[in-house]
Each structure stands twice: as C-alpha cells, then as structure tokens.
Amino acid sequence: MLRAATPTVPNHRPHSWIAPVRVQRFDNLNDLLPYRDAWDRLAGGSVFRGWTWLTAWWRHYGEGHPERKLDVFIAFDDGAESHDAVRAILPAYVESTWT
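Keep in mind the model is a prediction, meaning the values are calculated, not measured.

The rules behind each value
- Per-chain numbering applies: the sequence of each chain, read as written, is numbered from 1 onward.
- It should be noted that, the model being predicted, local features are given only for residues of pLDDT at least 70 and side-chain atom pairs only at 80 or more, the latter also being counted only at that level, while totals for whole chains, interfaces and linings use all residues.
- Computation of side-chain values: all heavy atoms of the structure, hydrogens and water removed.
- Each residue is placed in one exposure class: buried if its accessible area under a 1.4 Å probe, protein chains only, is under 20% of its type's maximum, exposed if it is over 50%, and partly exposed if it falls in between.
- For helices the rule is a DSSP run of H or I covering at least 4 residues; for strands it is a run of E covering at least 2, with both sets numbered from the N terminus onward.
- Taking the helix axis as origin, the arc is that swept by the directions to the C-beta atoms.
- Contact definition: two residues touch when any of their heavy atoms are within 4.5 Å.
- A residue's pLDDT is the predictor's confidence in that residue, given on a scale from 0 to 100.
- Should DSSP find at least two bridges between two strands, the strands are taken to pair.
- Whenever a helix is involved, its axis is fitted only over the stretch in contact; in every case the axis is a line through C-alpha atoms, and angles between N-to-C directions fall within 0 to 180 degrees.

Our focus in this paragraph is helix α2 (residues 36–43). A38, W39 and A43 are the residues of α2 that are buried. The buried residues of α2 occupy one face: seen down the axis, they fall within an arc of 145 degrees. Packed against the buried residues of α2 are α1 (29–32), α3 (51–61), β2 (68–77) and β3 (86–95). Once α2 ends, the next one or two residues include G44, with phi positive near 60 degrees.

Right under this line is the structure:
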C-alpha cells in the first residue's frame, strides 16, 4: 500500500484555513432578489453564471413545469447576514419524472 507523506507544520490545526459558513436553501426567485448583486459579483463577469441569465433560464425552462423544483443554495460567512457575506451560490433544480 502506498501512503502519501504528511507534512508536519508546527502549531497547525487541520483545516484551520476553512472559514465556517452557513448554508441557506431558497426555492423562490423572489426570495433571491436581495442577493442578485452578490450573485453577479461571484459570477466574475461570466454572462452564463450571472443573475440575469440564470433567472431568465429558470423562467423559460423551470417555471410552469410542475415536475421541476428550484433549489438554490447560498453559503454565507457564519454569523453574518449582510449581502457582502455571500461566499458561494449553487443554482440547481430537481426534476421528478415517472418512467
């Protein structure tokens, strides 16, 4: 069995660089409106990751389809409530079909 060497770092706590976050789930575009600027900031200028594109996509391909349910997860700095505290956004949907 091969094992990777584990570096030794004095006074190092495992994963001490990971900041605690709080994740919140949203299932309604209207509830996401306050986070659109943070969403665009995180998109880094990519049109296809921005608020406008993704909400337009959902309005055309998600809303009105009862088999599709919006699920957006937003990670915030733990304990912070401001829009500047948004660290990550994961837009997703769940589709239920019978085959």
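So, about the environment of V23. Along the chain, V23 turns up in strand β1 (residues 21–26). In contact with V23, not counting residues within four places along its chain, are F73, I74 and A75.

It is worth spelling out the confidence of the model for the chain at this point. Predicted confidence across the chain gives a mean pLDDT of 84, with 78% of residues reaching 70 or more. No element of the chain has a lower mean pLDDT than β1, at 92, and none a higher one than α2, at 95.

W51, T55 and W58 are the residues of α3 that are buried. The arc that holds every buried residue of α3, seen down its axis, measures 60 degrees, which confines them to one face. Of the exposed residues in α3, those oriented more than 90 degrees away from the buried face are T52 and H60. At its buried positions, α3 is contacted by α1, α2, β2 and β3.

Taken in spatial order, the three strands of this open sheet run β1-β2-β3, and their pairing is antiparallel. Strands at the two margins of the open sheet, each flanked by one partner only, are β1 and β3. Taking the axes of each pair of neighbouring strands and ignoring which way they run, one obtains an average angle of 20 degrees across the sheet. Pairing of β2 with β3, which is carried by nine bridges, proceeds in the antiparallel orientation. Note that in β3 the partner of F73 across the bridge is L90. α2 contacts β2 and β3 of the sheet and is inclined by roughly 100 degrees relative to β3.

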